[in-house]
Amino acid sequence: MNHKLTVVIIEDEKNICAFIETTLANHDYKAISAYTAKDGISCIASNCPDVVLLDLGLPDMDGIQVIREVREFSSVPILVISARTEESEKVNALDAGADDYITKPFGTSELLARIRTALRHSQTSSSRGSGSVYRSGDLEIDFDKRLVTIGGQEIHLTQIEYKLVSLLALNAGRVLTYDFIINHIWGPYADSNNQILRVNMAHIRRKMEENPADPKYISTEIGVGYRMREPDA
Ligand code: CA
């Protein structure tokens, strides 16, 4: 019964490492810190952690390169720790294979929530078959029936709108980049201009959200992409 979930932290700022280590230890995780990219990668290879927290600004290697190297041998969820202003870096990290990011400075509850989301996603994405239903508040998506309802009322979506909503719902809690979404919905040869995506998202919000300017279900991560609300437990 004593199998603790293991988190590897790759971060050169030792005070941030110490803060994260204490937080995780208090919540029954096992935390291992590495202060360089090189140590971090070998730490992942030898410990097979359940989650990796990765700072992008490391002394010996670009964080994006770390993600690529880890992805050669592991599908462990990677949460990037990034500074507030680095939108393009977040996008590059996600496109390189990171699962999500958390922006400095962050608090304990945000950190723990992101870790839980990453864990849940890695556990469910392999086992999720058809016949599942996404539920969050009044919103329900039945993937078999391709049916979206809010408070029991059917929401009429076009084919593309449904594809967008279900892609986000299957990845609920995670941010999906504009390029990732465009690739999935319109294919790899699509124009990577976000306009068509923004137009569709505006239509979806008008149909689904009580207040489209302050969306409850699908939030915009400015400069990065969209994130669908976590499903109810
Ligand atoms: Ca750093």
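Refer to the structure printed above.
Note that this is a predicted model, so its numbers are computed, not measured.

The rules behind the values
Residues numbered from 1 in each chain as written. Predicted model: local features only at pLDDT ≥ 70, side-chain atom pairs only at ≥ 80, totals over all residues. Heavy atoms only, no water. Phe/Tyr/Trp six-rings, centres within 6.5 Å; stacked < 30°, edge-to-face > 60°. Helix = DSSP H or I, 4+ residues; strand = E, 2+ residues; numbered from the N terminus. Buried < 20%, exposed > 50% of the residue type's maximum accessible area, 1.4 Å probe, protein only. Pairing = 2+ DSSP bridges. Donors = N, O, S within 2.8 Å, 3.2 Å for Na, K, Ca; no water. Expected span 1.5 Å × (residues − 1). Core = buried A, V, L, I, M, F, W, Y, C linked by side-chain atoms within 4.5 Å. Contact = heavy atoms within 4.5 Å.

A. Spatial organisation of the packing of aromatic side chains. Here the structure, examined in full by the defined rule, presents 2 aromatic pairs. With a centroid separation of 6.2 Å and 45° between ring planes, the pair formed by phenylalanine 19 and phenylalanine 106 is classed as tilted. Placement of phenylalanine 19 in helix 1 (residues 14-26) and of phenylalanine 106 in the loop between strand 5 (100-103) and helix 5 (108-127) is noted, with a sequence separation of 87 residues between them. Judged by relative accessible area, which is 34%, phenylalanine 19 ranks as partly exposed. Its relative accessible area of 11% is what places phenylalanine 106 among the buried residues. Taking the centre distance of 5.6 Å and the plane angle of 80° together, the rings of tyrosine 178 and tyrosine 226 count as edge-to-face.

B. Representation of the pairing of strand 3 (residues 51-55) within the structure. Burial of strand 3 is extensive: 5 of the 5 residues sit out of reach of the surface. Alternating positions in strand 3 separate into two faces, Val51, Leu53 and Asp55 on one and Val52 and Leu54 on the other, with burial throughout. The pairing of strand 1 (residues 5-10) with strand 3 spans 4 bridges and is classified as parallel. Within the sheet, the bridge partner assigned to valine 7 lies in strand 3 and is valine 51. Strand direction decides the pairing type here: strand 3 and strand 4 (residues 78-82), joined by 4 bridges, are parallel. By the bridge assignment for strand 4, leucine 54 is matched with valine 80.

C. Looking closely at the coordination of the calcium ion. Ligation of the calcium ion by protein atoms is provided by Asp12 (OD), Asp55 (OD) and Gly57 (O), these donors lying 2.2 to 2.4 Å from the ion. Taken in sequence order, the residues that donate to the calcium ion follow the motif D-x42-D-x1-G. Of the two residues, aspartate 12 sits in the loop between strand 1 and helix 1 while aspartate 55 sits in strand 3, which places them 43 residues apart along the sequence. Residue classification places aspartate 12 among the partly exposed residues on the basis of a relative accessible area of 30%.

D. Highlighting helix 6 (residues 159-170). Spanning 12 residues, helix 6 covers 16 Å between terminal C-alpha atoms, matching the ideal 16 Å at 1.5 Å per step. Regarding helix 6, the residues found buried are Glu161, Tyr162, Leu164, Val165, Ser166, Leu167, Leu168 and Ala169.

E. Structural view of the nonpolar core. Formed by 28 residues in total, the largest nonpolar core has its most connected members in Leu139, Ile141, Ile181 and Met228. Elements with a minimum of two residues in this core: strand 7 (139-142), strand 8 (147-150), helix 6, helix 7 (178-186), helix 8 (195-208) and strand 12 (225-228). Among the elements that make up this core, the one with the highest residue count is helix 6 (6 residues). Residues contacting isoleucine 181, with those up to four places away along its chain left out, are Leu164, Leu167, Leu168, Leu176, Leu197 and Tyr226. With 26 residues, the next largest nonpolar core counts Val8, Ile44, Val52 and Val224 among its residues.

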